[in-house]
Amino acid sequence: MMDLPAYKPKVDLSEAVGGREIEDDFGGKGIAVVVADRSATLDHDGQQLLQQQTTVGGATVYLTETFYISSKKSTVFEVRLTDKGLCLKKQSNGSTKEQTIPLKDIIGCRCLRSKRRSRGSSSCTCASISSSNRLKVVEESSEEQDESDVSAYLYIYAYILKRNRRGGFRERTTITLRFRSFDRYEDNNREAQKWRAAIKQLVTGEPVQRLTYQPRDSRKMLIILNPKSGSGKAREMFQQRVAPIFAEAEIPYDLHITKKSNWAREFVRQRDVYLWRGIVVVGGDGIFFEVLNGLFEREDWQTAIDELPMGIIPCGSGNGLAKTISFLYEEPFETKPVLASALMVVKGKHSMLDVVRVETRSNIMFSFLSVGWGLISDIDIESERLRAIGGQRFTVWSVHRLISLRTYQGKVSYLPALVSQTNGGGGGGGSNGHYHNGVGTLKHSVSYNTTLNCRDCRGFLGQDGGGTIGSCDACDTNFSDVLSLETGTNLDLFRPRIDSWYSATSRKSTYFSTVDSVYESDKASNDDPLQTGGGANGGGLAPLVQMYGPPSRLPALTAAVPDSWQCIAGEFVMVHAAYQTHLSTDCYFAPESNLKDGIIWLLIIRAGVSRSQLLSFLLGLSSGTHIPVQANEHIQMVPVTAFRIEPAGTNGHMTVDGEKVECGPIQGEIFPSLSKVMVPK
Ligand SMILES: Nc1ncnc2c1ncn2[C@@H]1O[C@H](COP(=O)(O)OP(=O)(O)OP(=O)(O)O)[C@@H](O)[C@H]1O
């Protein structure tokens, strides 16, 4: 064991308020910086257990220190780190107040050093930092560090949940602890690092054992951003609101900006995705759909969806999945959806997510949100022309479509979720139980497992603090992790597998259509597998892409449905199958749904429904009161595990996860808990 440096309490402890002022329960503004008066028991080698744990008020205490708040000499803080959170006990003039910042609200902490000041200004350990001369900090490795201040600063970042009548909101709070008991920065830093390690271990749910912290998974997060999603502000949103949160949580990431439709899909299909710990999309449900389907186009799809949880930070116009997750986990969403979801993805937790395998005449795809035909899909697609007004486009177009109501002839069949499904004919036999990985993977493969490295920088990316960005134009150099702590912290059985390859009827390639699968890169080069004409189409056309994923348990789309299914033929206003509570932020479509219940909620509205019934249906969608309480022959919602829609013509729109697909026969079956989605806890 090394000799411990001598412990010397400082005399003047009354300085330095930095960071953002906060309202706190102590009645004063801000406890942003408190100053370490003495050190706790020290262990140097980074391997030993933290100080002996005690229990106070039912909470396990890992660390305790006394701190003094700057500028209030008579005020003392006892700061305790427990399994409940960071407890700050303030003693001032004989009175005591206590506040605990819940552990679940803390996203991380960082050890920093003070930054060199401009010439002439004083900055030694004993110097006072007035609020007008705010503390500026830098990374320990920065060349701008102030050698004369040997203090180590621990910034603790929390987003405290405040409940109000409208649900609540999260308020950002920074607690800064200044460690300055020793004469050398290294010794003070070791103290700060000990706190950092304990906080990090508690936040990530690891046993609190070590004095230094190393993440269990050092891989970065893959972030894919669609700059065209919603009203086109995803880049700015990310830069201003998301990047700083990743920095605060010390989660490194690689950021890729999509170049065109299907870019993300090809990226995850072709890249070595195991370089990353998870995939976060910044955009709408459409970009999430692309990434999910890109993973199912990999021969190793099973490993990929198992090892890579997916997250979403909503910048689209619908944002059904992001809203569903926040709703189910009671996270405030409406006022700051980006904040809610960013906090969620840095937490590192995930839930299983049901996925529906959808089959049309020419495509196979995997859906996480919905399949629709008629009214809601019409509104979704036709309101595209109002994209500039954001989510309001749905409301405006709903009114329009209600006035000019259309109905569609066809047939709807479904397998009720609560009916015994052991007698499903045609290899049906769907299960309402959870999906087990008893699905053999296809041996035959024609997937293009080539890399889609950026052709300019060859995919080698430069480091940039918390995040990593591309080093060439194609990788978008303009877009860097903008965190600067001076400013950045101021933020407010089945059919054979061949049917995955050939469609049920046309026996053509399943990859959307050849038009959509064309890789339209203006930076094309010969090593681009999508440009060389190596595919079956030859001549530079898009190659064929294999869709993997679990095989269907349903009869072919051209074959009759099993006898156990219910069938309704006639005229319909709409048929919509959903497996999340929300189809968009304000469309609370399937109130009883959850992420992994193995149920598809099938809403059927038949022709003959009155306009007033329809109006009340549409008005009720935002509150989840759209389904008539009394049995209604025109509007019904049925829990099913599989369905088929067979339009008589090609009129009207059909959508999968809000994206338009060909209007024709379509069927879907649920695979419970097939993938993983990031959730807050
Ligand atoms: N760089 C790009 N340029 C043009 N289109 C893109 C680009 N990147 C992705 N896309 C396409 O944009 C479509 C819409 O994307 P996204 O879902 O992110 O936004 P949205 O439609 O506004 O949101 P939501 O789906 O929640 O309504 C997707 O189908 C995707 O294929």
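Check the entry above for the structure.
Conventions used here
- Residues numbered from 1 in each chain as written.
- Predicted model: local features only at pLDDT ≥ 70, side-chain atom pairs only at ≥ 80, totals over all residues.
- Helix = DSSP H or I, 4+ residues; strand = E, 2+ residues; numbered from the N terminus.
- Buried ≥ 20, exposed ≤ 12 C-beta atoms within 10 Å, placed from the backbone.
- Core = buried A, V, L, I, M, F, W, Y, C linked by C-beta atoms within 7 Å.
- Contact = placed C-beta atoms within 7 Å.
- Near = placed C-beta within 6 Å.
- Nonpolar A, V, L, I, M, F, W, Y, C, P; charged D, E, K, R; others polar.
- Pairing = 2+ DSSP bridges.

## A few points about the overall build of the chain
Part 1 of the reasoning: Helix and strand counts for the chain stand at 12 helices and 28 strands.
Part 2 of the reasoning: Looking at the chain as a whole, 48% of its 681 residues qualify as buried.

## Quick notes on the nonpolar core
Part 1 of the reasoning: Counting 160 residues, the largest nonpolar core has Leu-154 and Val-291 as the members making the most contacts within it.
Part 2 of the reasoning: Residues contacting Leu-154, with those up to four places away along its chain left out, are Cys-109, Cys-111, Thr-176, Leu-177, Phe-179, Ala-192, Trp-195 and Arg-196.

## Some thoughts on helix 8 (residues 375–382)
Part 1 of the reasoning: Taken across its 8 residues, helix 8 has 6 buried, putting it largely inside the fold.
Part 2 of the reasoning: Buried residues of helix 8: Leu-375, Ile-376, Ser-377, Asp-378, Ile-379 and Asp-380, and no others.
Part 3 of the reasoning: Buried residues along helix 8 sit against strand 17 (370–374), helix 9 (392–403), strand 21 (566–578), strand 24 (600–606) and strand 26 (654–656).

## Things to note about the site of the ligand
Part 1 of the reasoning: Every one of the 23 residues lining the ligand counts as a neighbour, but Gly-283, Gly-284, Gly-286, Gly-316 and Gly-318 are closest to it.
Part 2 of the reasoning: Considering each element in turn, the shell around the ligand owes the most residues, 4 residues, to helix 4 (residues 285–296).
Part 3 of the reasoning: Its residues placed into classes, the shell around the ligand shows 3 nonpolar, 14 polar and 6 charged.

## Observations regarding the pairing of strand 13 (residues 276–283)
Part 1 of the reasoning: Counting buried residues along strand 13, 8 of its 8 residues qualify, which places the element largely inside the surrounding structure.
Part 2 of the reasoning: In terms of strand pairing, strand 11 (residues 220–225) meets strand 13 through 5 bridges, oriented parallel. Bridge pairing links Leu-222 to Ile-279 in strand 13.
Part 3 of the reasoning: Taken together, the 5 bridges between strand 13 and strand 14 (residues 310–314) define a ladder with parallel strand orientation.

## Some points on the environment of Ile-107
Part 1 of the reasoning: Tracing the sequence through the fold places Ile-107 in strand 7 (residues 106–114).
Part 2 of the reasoning: When sequence neighbours within four positions are dropped, the list of residues in contact with Ile-107 reads Tyr-157, Ala-158, Tyr-159, Ile-245, Glu-248, Ala-249, Leu-343 and Val-346.

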